[in-house]
Amino acid sequence: MESYWPTVVKNPTGNKPTDNFAVLIDNISKIVYSRSLKNVDWKNTKLKKEVIKEEVLEFKQQAGKNILVGSQV
């Protein structure tokens with residue numbers, strides 16, 4: 001995802017829903033849970049090595065929008 005969406009922001013596809021989503025996901029705060037990644041370069045992104053239940057519950061209590069969950073295999 002990190003290698004795709006920021007490039008769409010810089011070079012829009014011309015497909016309005018795709019381009020709008022690219023801007024949206026580029027600008028929101030993101031947390032990437034990964035045991036294999038060493039770092040992330042995508043703006044507004046934090047890297048965490050493991051999911052900690054208490055941290056997730058804390059995120060859920062923050063004011064704002066819904067939490068979006070995605071996965072890449």
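So, how was this worked out
Residues numbered from 1 in each chain as written. Predicted model: local features only at pLDDT ≥ 70, side-chain atom pairs only at ≥ 80, totals over all residues. Heavy atoms only, no water. Helix = DSSP H or I, 4+ residues; strand = E, 2+ residues; numbered from the N terminus. Buried < 20%, exposed > 50% of the residue type's maximum accessible area, 1.4 Å probe, protein only. Phe/Tyr/Trp six-rings, centres within 6.5 Å; stacked < 30°, edge-to-face > 60°. Polar contact = N/O pair within 3.5 Å; in protein donor to acceptor, adjacent residues only side chain to side chain.

A. Molecular detail of the overall build of the protein. A tally of helices and strands in the protein yields three helices and two strands. Counting from the amino terminus, helix and strand elements in the protein follow one another as α-α-β-β-α. Across its three principal directions, the C-alpha atoms of the protein cover 40 × 30 × 20 Å. The burial tally for the protein puts 16% of its 73 residues in the buried class.

B. Layout of the packing of aromatic side chains. On inspection of all chains with the given rule, the structure shows two aromatic pairs. Aromatic side chains Tyr-4 and Trp-5 sit 4.8 Å apart centroid to centroid with 80° between the ring planes, which places their arrangement in the edge-to-face category. For Tyr-4, a relative accessible area of 40% corresponds to the partly exposed category. Assessed through its relative accessible area of 15%, Trp-5 is described here as buried. Where Trp-5 meets Phe-21, the ring centres are 4.8 Å apart and the plane angle is 75°; that geometry is what we call edge-to-face. Linking Trp-5 in helix α1 (residues 5-10) with Phe-21 in helix α2 (residues 16-27), this pair joins segments that are 16 residues apart in sequence. Classification of Phe-21 by relative accessible area gives partly exposed; the value is 34%.

C. The arrangement of the side chain of Thr-45 in detail. Topologically, Thr-45 is positioned in strand β2 (residues 45-48). Accessibility expressed as a relative area gives 16% for Thr-45, which makes it buried. Reaching out from Thr-45, the side chain makes a polar contact with the backbone oxygen of Trp-42 at a distance of 3.0 Å. Of note is the side chain of Thr-45, whose polar atom sits 3.1 Å from the backbone oxygen of Lys-43.

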